[in-house]
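# Examination of the molecular architecture
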Amino acid sequence: MMGRVNLKKRSLFLAILLFLVSLAFSLGIASIAVSSPPPQTLVEQGRQHYQAGEFTEAVQQWQQAAEVFATQGDSLNQAMALSNLALSDQSLGQWNEAQQALTKSLNLLKNQPETPDQKRIFASTLDIQGQLQLTIGQPSAAIETWRQGMEIYQKIDNLEGVSRSQINQAQALQALGLYPRACTTLLKSLDLDRPDCTLSEQDLQTLTVPQSVPLQILALRSLGNVLRIMGKSEQSKMVLVKSWQLAEPLGNDQDLAEIYLSLGNTARTLGNRQLTTKPQPLNLLNSSGDCISKETPPQKTDFYQQAAACYRQAELSSSPLTQIQAQLNLLSLGIQTQQMAEIPTLLPKIQANLAELKPSHTAINAQLNYVQTLTCLKTALDPTSTQLRTAIAQQCSHQELIKSSPSLLIPSWQEIGQIAMTAYQQAQALGNQKAQANALGYLASTYQQRENWTQAQQLTEQALQILSALNAPDISYLWQWQLGQLYQIQGNLEEAIAVYTLAFDNLQALRQDLVSANPDLQFSFRDSVEPVYRELVDLLLQAENPAQEKLKQARNVLESLQIAELNNFFQEACLEAKPQSIDNLDSQAAVFYSIVLPERLVVILSLPGQPLRYYATSVDSATVELTFDDLFANLNPFISSPEPLKSYQQFYDWLIRPARAQLQDNGIKTLVFVLDGVLRNVPMAALHDGQQYLVEQYNLALTPGLQLLSPRSFALDKRNTLAGGLASARQGFPALPGVKQEVTEISTIVPTEVLLDDGFTRDRLIQSIQANAFPIVHLATHGQFSSQAENTFLLTWDERINVKDLDQLLKEPNPIELLILSACQTAVGDKRAILGLAGMAVRARARSTVATLWAVQDQSTAELMAQFYRVFNQPGVTKAEALRQAQLSLLKAPEYQHPFYWAAFVLVGNWF
């Protein structure tokens, strides 16, 4: 009889869904049915206690409810009570108890007939199981669990359940560092089909999805976080603001706090990018500013001020975890921007809040985040520290040493180590091996700072021993890097090289996911990845005459660094390496690999059919930068200088002079440069030996590396050219009157289709390329190369074409042989902007690209380009030779002799 009553009341039971707030993702999960008043009362009391944050009391109520359902033989309701019991156990950090309850619940459910009620409860229980797995650091298992739950939701047409499962899976994919997949999954949950994860305002305005508003809020917030990590910061901000607009009317303080936290992170990222491209004084963080401006139009706010305002809003959250994340971000932002006013009050707050956190994967991350931030603070405040270049300290964002405040009491290295030890102990209790290894690595770094090399080495080796059983290259490389540094400090160079090589191999294996598996411990590519490559090269070239084996390895590392930088530029692994031998490419070409190390400038010279040569100059990186600054300052042809060629000659002496005899003896005609750092901005054509410019002696070319080259030669019978350009002022850019002359003269030399001014639109460009095979595409238009992909673009009549869209725009059955960009320039103040030029060349899938290092004079460019085509149209002339002859034609003209007019032009890629 009781069984019949239960069946009748089960619909009522499912109607009293708890929609409980999970510890990790704020998702509604489960509902409990009641078949008789006593368990119904227990269930309701459990729900009330849970929502009030009284988890111990909730556990007691649901435990009793489960026992009553068991005595009544109501296995389905017993399973649901156990699932909610597990949810409360998670909130208390009682992971073993939670797992036991879930295991019992799932076993009960598997033995029940597959009714609609059973399926709903089963799917909800899988939701809770996935949360537990992710919380204790098992993201792969969580993905599989949520996938199973999603299949059940699909069978019962529960669209909200499907969306919730997709959002959950995206969270786990982020934990694995698989951000493109996470983005695609989140877009599916929002019913948006955007394979490239590119969104517009229109997409958000027309967003209509079959899910509750809270789920939309969560999906959009998660998507905003993913977009930020993928380098789409502007889109991240747009999506997060949309999430806030949906959340604000509902008044859920925790949802709003999480959005504020994400908005702060995005604003900070935008500030970092702005600082990279346009260095400027940092404004005080205690200045007035809003996280989200409600004014129309919004007031212009400094990104760092906005980030601080958002973090302060998030700090008001009732969640201790959200509070401490906001405080940690405020602390690290204060250190980065050298604003110390809030730090004395933040430190004790953070310390107290950490002690209150229940053990969880996220709590461990918060503790290690604090260790990292304190390391940054201590190394920034201690100019006498000898260990500022540790793997952990190198990842700090502070730009210069800052002065301590008398009221600032910073924990000692021993106290910082104790925080890492607590994190380790909690990770042990959770059985989270990755977290254990990370905590040991950070603990080791505190011993390294205290110059206790033995203990630091033992702990780092212990961390790596744990990781050896896991597939975790994203974590392993960091501690291999640290161990390599420890070996080097102790004079064990061969051991150091071996461990650095392992770190390098792991970075190579990561390819697409050069980001930490822990979002709270992410740092910039330049701080956390590049140094591994550079320090390995430094170690390999320690000897005065390095062995060929080490020179070859160093050359491979330099090539790999170039590819890694470009992959990071695009925030995706878009480049595939294809090793090439110089002998197979050009028997009369020499390749110069250069790298700027802290205390020396190193060059590896590759000559056809000969062993690699090596030479270095004892000059610090700051001197190299100053020499470039001097060179750039003298580029204005209307400003006279007492020593106009001094900088050009200095770079010649560093890069070319030591190899001059070998170049002559081997009959070299072409010099190919794989350049590093600020050297990429140096106009190689203008290097001067005291008598002549380098372009007067050799053909010249740049390449991100021979691994990216194709040996195919240009087909002499194909010179069809598509020439597009803007002569008129457009979109805030000035007119280029020489463009009309430029494309007109080109059309008299080679068969040319011309798209000029209002005919030079994105659609016309696509139509022309699809309709005809053009081996040469010549674009005489404004454009900008930047170290940030979103700021690298070409201008058409109707819009800007971003570098990431070029591969689709210029899509042909056969790759373009030669792309010419004759009016582009590098972003002002951005010394890494040349990455944008290389990125443009690679993304266009062109075998060769001609572009300029700075904004060139309109008329002289038209003349140089016309001469280039005249020479290149002759049989047997290579691209490099044609560009050289065109440059020489300007050099010989009295009005264009200054390097400003001709030295900016560079050939990137294949030179033959």
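Our subject is the structure listed above.
Here goes a summary of the coordinates provided. Please read these numbers as outputs of a predicted model, since none were measured by experiment.

## Considering the overall build of the protein chain
A tally of helices and strands in the protein chain yields 36 helices and 15 strands. Here the protein chain, with 912 residues, has 58% of them falling under the buried criterion. Expressed as a percentage of contacts within the protein chain between residues at least 6 apart in sequence, the contacts between residues at least 24 apart total 70%. When the accessible surface of the protein chain is split by element, carbon and sulfur atoms take 48% of a total near 36,000 Å².

## A word on helix H14 (residues 303–315)
A rise of 1.5 Å per residue sets the reference length of H14, with its 13 residues, at 18 Å; its end C-alpha atoms lie 18 Å apart and thus fit the reference within 8%. Buried within H14 are the following residues: Phe 303, Tyr 304, Gln 305, Gln 306, Ala 307, Ala 308, Ala 309, Cys 310, Tyr 311, Ala 314 and Glu 315. Where H14 starts, the residue carrying a side-chain oxygen 2.9 Å from the main-chain nitrogen of Tyr 304 turns out to be Asp 302.

## A word on the environment of Gln 306
Relative to the assigned elements, Gln 306 resides in helix H14. Judged by its relative accessible area of 11%, Gln 306 is buried. Considering only alpha carbons, one finds Gln 306 and Asn 265, 41 residues apart in sequence, at a separation of 9.8 Å.

## As for unusual backbone geometry
One can expect most non-glycine residues to show negative phi and most peptide bonds to be in trans. For Asp 157, which is not a glycine, the phi torsion comes out positive at approximately 55 degrees. Tracing the sequence through the fold places Asp 157 in the loop between helix H7 (139–155) and helix H8 (159–175). Phi is positive for Asp 191, close to 60 degrees, though the residue is something other than glycine. Within the secondary structure, Asp 191 sits in the loop between helix H9 (179–189) and helix H10 (201–205).

## Points about the state of the cysteines
Scanning the model with the defined rule gives two disulfides in all. One disulfide in the model links Cys 183 with Cys 197; its S-S distance is 2.3 Å. Here Cys 197 lies in the loop between H9 and H10 and Cys 183 lies in helix H9, a separation of 14 residues in the sequence. Cys 183 sits in the buried class, given a relative accessible area of 1%. Of the residues examined, Cys 197 reaches a relative accessible area of 2% and is grouped as buried. With a sulfur-sulfur separation of 2.0 Å, Cys 291 is cross-linked through a disulfide to Cys 310. As the torsion about the S-S bond is roughly 90 degrees, the Cys 291-Cys 310 disulfide counts as right-handed. Here Cys 310 lies in helix H14 and Cys 291 lies in the loop between helix H13 (253–277) and H14, a separation of 19 residues in the sequence.

## Focus on the nonpolar core
Formed by 255 residues in total, the largest nonpolar core has its most connected members in Phe 592, Ile 656, Leu 663, Leu 671, Phe 673, Trp 902 and Trp 911. Phe 592 has contacts with Val 603, Ile 604, Leu 605, Tyr 615, Leu 655, Ile 656, Ala 659, Leu 663, Leu 671, Val 672, Phe 673 and Val 674, leaving out every residue within four places of it along the chain. Core analysis: the next-biggest nonpolar cluster, separate from the first, contains 31 residues, Ile 143, Cys 183, Ala 219 and Val 239 among them.

## Focus: the pattern of salt bridges
Counted by the stated rule, this structure contains 20 salt bridges. Here Arg 762 makes a salt bridge to Glu 799, at a shortest N to O gap of 3.6 Å. A residue pair is termed long-range when its members are at least 10 positions apart, and Arg 762 in helix H31 (residues 762–771) and Glu 799 in the loop between strand E10 (793–795) and strand E11 (800–802) qualify at 37 residues. Across the pair Arg 847 and Glu 817 runs a salt bridge, and its minimum N-O distance is 3.4 Å. One end of the pair, Arg 847, is in the loop between helix H33 (834–843) and strand E14 (848–852); the other, Glu 817, is in the loop between helix H32 (806–809) and strand E12 (818–821), and 30 residues separate them in sequence. Across the pair, Glu 817 and Arg 847 agree in class, each one buried. Where salt bridges share partners, they join Glu 144, Arg 147 and Glu 151 into one cluster.

Rules behind the numbers
- Throughout, a residue's number is its position along its own chain's written sequence, starting from 1.
- The predicted origin of the model limits local features to residues at a pLDDT of at least 70 and limits the giving and counting of side-chain atom pairs to 80 or more, whereas totals for whole chains, interfaces and linings rest on all residues.
- Calculation of side-chain values draws on the structure's entire complement of heavy atoms; hydrogens and water are dropped beforehand.
- In this description a helix means any DSSP run of H or I spanning at least four residues, a strand means any run of E spanning at least two, and both kinds are numbered starting from the N terminus.
- Remark: exposure states derive from per-residue accessible area (1.4 Å probe, protein chains only) relative to the maximum for the residue type, with buried under 20%, exposed over 50%, and partly exposed in between.
- For this analysis, residues touch if any pair of their heavy atoms sits within 4.5 Å.
- Throughout, the Shrake-Rupley method with a 1.4 Å probe supplies accessible areas, and for residues the shown protein chains are the sole cover considered.
- Given the number of residues in a helix, its expected span is that number minus one, multiplied by 1.5 Å.
- Pairs of N or O atoms within 3.5 Å make up the polar contacts considered here, provided that, within protein, one atom can donate a hydrogen while the other can accept it, and that residues adjacent in sequence are counted only when both atoms are side-chain atoms.
- When two cysteine sulfur atoms are found within 2.5 Å, that pair is recorded as a disulfide.
- Definition of nonpolar core: a set of buried residues of the types Ala, Val, Leu, Ile, Met, Phe, Trp, Tyr and Cys, connected through side-chain atoms within 4.5 Å.
- The term salt bridge refers to a pairing of a side-chain nitrogen on Lys or Arg with a carboxyl oxygen on Asp or Glu at a separation within 4 Å.

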